[in-house]
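These are the residues of each chain, in order.
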Amino acid sequence: MNKVLIAPSLLSGNFADMGSDVKNMSDIGADWIHIDVMDGVFVPNITFGFKMISDMRPLSKLFFDAHLMITQPIRYVERFAKAGADLVSFHIEAESDVDGALDKISSVGVKCGLAINPDTPVDTLIPYLGRLDLIVLMSVYPGFGGQKFIGGSLDRIARLKQLRDKYAPNALIETDGGVTTENASEIIAAGADVLVAGNAVFGATDRTAAVRSLRGRA
Ligand code: DX5
Ligand code: ZN
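All residue numbers here refer to positions counted from 1 along the written sequence of the relevant chain. Working convention: letters from A go to chains and numbers from 1 go to ligands, in the order in which they are written. Totals for whole chains, interfaces and linings use every residue, but because this is a predicted model, local features are given only for residues with pLDDT of at least 70 and side-chain atom pairs only at 80 or more, for both listing and counting. Hydrogens are left out, water is left out, and the side-chain values use all remaining heavy atoms of the structure.

**A short note on the layout of surface pockets**
Counted only if it meets this: Put simply, the grid is 1 Å and covers the protein atoms alone, a cavity is a trapped set of points that fit a 1.4 Å probe, a pocket is an open set with protein on both sides within 12 Å along at least five of seven lines, and lining residues have an atom within 4 Å of a point. Grid points are joined across faces, edges and corners, and a volume is the space filled by probe spheres set on the points. Each helix corresponds to a stretch of at least 4 residues labelled H or I by DSSP, and each strand to a stretch of at least 2 residues labelled E; elements are numbered beginning at the N terminus. Any residue that is not Ala, Val, Leu, Ile, Met, Phe, Trp, Tyr, Cys, Pro, Asp, Glu, Lys or Arg is counted as polar, Gly included; the first ten are nonpolar and the last four charged.
The calculated volume of the largest pocket comes to roughly 400 Å³. Considering the residues around the largest pocket, the lining is formed by 30 residues, among which Gly146, Gly177, Gly178, Val179 and Asn199 are closest to the centre. Counting only elements with at least two residues in the lining of the largest pocket, the list comes to strand E2 (32–38), strand E3 (63–69), strand E8 (194–197) and helix H7 (199–202). Across the lining of the largest pocket, the residue classes tally to 12 nonpolar, 14 polar and four charged.

Here it is in structure tokens:
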């Protein structure tokens, strides 16, 4: 099994000093940086847009994992990709033309992700799995950091792993929301390859120790 990747979410960082948090991510042993873009319509919260990503890009060599929580993402996916994201994910619930949006992401040469909310059946992803580099399984209702992990998500991860192994063996499964140093090991055991961690990293007194513990190394 590949090693699990840890993707701290900047949503829990300091928005007035984001550059410092971005630079800090490689020092603490993070693998990816998870970047939550919210439009206040698809989710009840607003964060930031392309300029934040392009301004952060020179500050880190880490993989930029952009998670778009916006309506009709097809309008903007390409601009997020061009801004410096290494991977762009959007929500299956937010887009009527999923293939068209994936085409736009691919056309810029970055990796494609598709995110799915807790109430959407995992099998809805089947038609698109072969095109994906990342499947973002939401284990909280999107919009805010620091929420509690929805317990039923473990079964959803396990089902998604079955589907991934059958239809998209190269795609990674990312779990987003409520991941903690306490529940990380069961999430990994269920089949997650990438753990997003906002509060678990930014709320820790020792971020390096938190990242190590999330990976399963005390
Ligand atoms: C929620 C975001 C998550 C969030 C996770 O809508 O997509 O990435 O930042 O934060 P924690 O790990 O604190 O639940
Ligand atoms: Zn996210």
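From this point, the discussion proceeds with the structure in view.
**Here's the deal with the environment of Tyr167**
Rule in force here: In this scheme, a residue with accessible area under 20% of its type's maximum is buried, one over 50% is exposed, and one in between is partly exposed, where area comes from a 1.4 Å probe on protein chains only.
Its place among the elements puts Tyr167 in helix H5 (residues 153–167). Given a relative accessible area of 35%, Tyr167 falls into the partly exposed group. Between the alpha carbons of Tyr167 and Tyr128 there is a distance of 9.1 Å; along the sequence they are 39 residues apart.

**Some words on helix H1 (residues 18–27)**
Which entries qualify depends on this criterion: Picture the helix axis, draw a direction to every C-beta atom, and the arc is the one those directions span.
Within H1 the residues assigned to the buried category are Met18, Asp21, Val22 and Met25. Down the axis of H1, the sector holding all buried residues measures 100°, keeping them to one side. The positive-phi residue at the C-terminal boundary of H1 is Gly29, with phi of around 90°.

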